[in-house]
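Given next are the chains, with one letter for each unit.
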Amino acid sequence: SQELEQSPQSLIVQEGKNLTINCTSSKTLYGLYWYKQKYGEGLIFLMMLQKGGEEKSHEKITAKLDEKKQQSSLHITASQPSHAGIYLCGADFRWGKLQFGAGTQVVVTP
Amino acid sequence: NAGVTQTPKFQVLKTGQSMTLQCAQDMNHEYMSWYRQDPGMGLRLIHYSVGAGITDQGEVPNGYNVSRSTTEDFPLRLLSAAPSQTSVYFCASTTGPHGYTEAFFGQGTRLTVV
């Protein structure tokens, strides 16, 4: 979706290092979703953020939504091989129209 | 709970053929959507529905039709398949206006048009 910019497009990180993925929109986001996808498989729900300034964590993954509700970041601490995959951010811009960014491919090297 | 069920999982079509991709959810969700996923393109919204009888176009609606006669079902119709419609298709559902929750996805349909 051109309304949702995701960066970087891909990244390679050494095992044990941190990484951050960004998701940006020029419009206010009503519900921001993060999903993970293994190649050729379905989507795994990670987190959903709704309120400006909200932050959620699960295991080594933390997601934040800025106060203006136009930008979100996903941060992975001490990456592991299991963190490899495609990360997708999605947002509800208005009544039920859920759109996604182009995705970030994460490769974790030994 | 079955969640979101998509059928078929794989399909090969000849150019010009028509077919319907089925999507059903048993969670009484009001919002349902169809996406296609192509390499490097993320998920692109084809059509979506905010309730029975209500549908709207997404980013890439051309060549596809939808209808929503019941809350549970949201089929996607390819009218005359083209090679450009070769893709992986995902259906999703969410609760709707009563509060945002996780968007549940089907397992996908891998469609090849030859």
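Residues numbered from 1 in each chain as written. Chains lettered and ligands numbered in written order. Predicted model: local features only at pLDDT ≥ 70, side-chain atom pairs only at ≥ 80, totals over all residues. Heavy atoms only, no water.

(A) Geometry of the nonpolar core. Membership of the largest hydrophobic core comes to 24 residues, with the highest contact counts inside it found for Ile21(A), Trp34(A), Leu74(A) and Val106(A). Among the elements that take part in this core, strand E9 (residues 85-94) of chain A stands out by supplying four residues, more than any other. (Core = buried A, V, L, I, M, F, W, Y, C linked by side-chain atoms within 4.5 Å. Buried < 20%, exposed > 50% of the residue type's maximum accessible area, 1.4 Å probe, protein only. Helix = DSSP H or I, 4+ residues; strand = E, 2+ residues; numbered from the N terminus.)

(B) Inspection of the state of the cysteines at higher detail. Applying the stated criterion across every chain, the model contains two disulfides over all chains. Disulfide pairing places Cys23(A) opposite Cys89(A) at an S-S distance of 2.0 Å. Between Cys23(A) and Cys89(A), the S-S dihedral sits near 70 degrees, and the bridge is therefore right-handed. Placement of the pair is Cys23(A) in strand E3 (residues 19-24) and Cys89(A) in strand E9, with a sequence separation of 66 residues. The exposure classification of Cys23(A) matches that of Cys89(A), with both residues buried. Two residues share a disulfide in this structure: Cys23(B) and Cys91(B), whose sulfurs sit 1.8 Å from each other. (Disulfide = S-S within 2.5 Å.)

(C) The environment of Ser57(A), seen in detail. Residues and elements named next belong to chain A. With respect to the element layout, Ser57 can be found in strand E6 (residues 55-58). Linking Ser57 and Ala102, residues 45 residues apart in sequence, is a C-alpha distance of 23 Å. What Ser57 contacts, discounting residues up to four positions off in sequence, is Met47 and Thr62. Engagement of the side chain of Ser57 in a polar contact is seen with the side chain of Thr62, the distance being 2.9 Å. (Contact = heavy atoms within 4.5 Å. Polar contact = N/O pair within 3.5 Å; in protein donor to acceptor, adjacent residues only side chain to side chain.)

(D) Looking closely at unusual backbone geometry. Cis geometry marks the peptide bond from Ser7(A) to Pro8(A); its omega dihedral reads -5 degrees. Within the fold, Pro8(A) resides in the loop between strand E1 (5-7) and strand E2 (10-14). The peptide bond linking Thr7(B) to Pro8(B) adopts the cis configuration, its omega dihedral lying at -5 degrees. The phi torsion at Glu59(A) lies on the positive side, around 55 degrees, for a residue other than glycine. In this fold, Glu59(A) is placed in the loop between E6 and strand E7 (61-65). Even without being a glycine, Lys69(A) presents a positive backbone phi close to 60 degrees.

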